[in-house]
Amino acid sequence: RISLCICFFNVVINSGIVRLWVPQNDSWNITSSKEFSHPDSVEDICWSPTESQVFATACVDGKVRIWDTRYPGRPRLSFQAHWADVREQIW
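Let me sum up the structure you'll find in this document.

Attention now goes to the overall build of the protein. When helices and strands are tallied, the protein shows zero helices and seven strands. Helices and strands in the protein line up, N terminus first, as β-β-β-β-β-β-β. Taken over 91 residues, the protein has a buried fraction of 32%. Long-range contacts, defined as pairs at least 24 residues apart, comprise 32% of the intrachain contacts of the protein with a sequence gap of at least 6. Of the accessible surface of the protein, which amounts to about 6100 Å², a share of 51% is contributed by carbon and sulfur atoms.

Here is the structure:
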């Protein structure tokens, strides 16, 4: 069984704000919105290829954070990936 999460990201440029919007049924009405905060600018977002509720963010602070959309308060995992900006990541 494949579970598909149809949602949209909104990244506020030059900030650490990532918003996840989930559309209502097959319309553009938004049923829910969740916010994922970072201390610095977010450079990249990448969905997990195996977990429909999990995504990763790359940040200019050199960290990669793993998020679960069911727990938006803080990352499930955070690690220092590089001493400089992390501009992208691949699962």
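On to the sheet that holds strand β4 (residues 42–47), then. Across the sheet, four strands lie side by side as β4-β5-β6-β7; this open sheet has antiparallel pairing. Across the chains shown, the open sheet's two edge strands, defined by having one partner strand only, are β4 and β7 (77–80). Sheet twist, expressed as the average angle between the axes of neighbouring strands with direction ignored, equals 15°. The pairing of β4 with strand β5 (residues 54–59) spans five bridges and is classified as antiparallel. Within β5, the position partnered with V42 by the bridge is C59.

One can find I90 in the segment after β7. Sequence separation between I90 and A56 is 34 residues; the distance between their C-alpha atoms is 8.9 Å.

On the secondary structure map, D44 appears in strand β4. A polar contact of 3.1 Å, which involves the side chain of D44, links it to the backbone nitrogen of Q89. Once residues lying within four places of it in the same chain are set aside, the contact partners of D44 are A56, T57, A58, R87, E88 and Q89.

Calculation criteria
- Residues numbered from 1 in each chain as written.
- Predicted model: local features only at pLDDT ≥ 70, side-chain atom pairs only at ≥ 80, totals over all residues.
- Heavy atoms only, no water.
- Helix = DSSP H or I, 4+ residues; strand = E, 2+ residues; numbered from the N terminus.
- Buried < 20%, exposed > 50% of the residue type's maximum accessible area, 1.4 Å probe, protein only.
- Contact = heavy atoms within 4.5 Å.
- Areas by Shrake-Rupley, 256 points an atom, 1.4 Å probe, with all protein chains shown as cover.
- Pairing = 2+ DSSP bridges.
- Axes fitted to C-alpha atoms, helices over the stretch in contact; angles between N-to-C directions.
- Polar contact = N/O pair within 3.5 Å; in protein donor to acceptor, adjacent residues only side chain to side chain.

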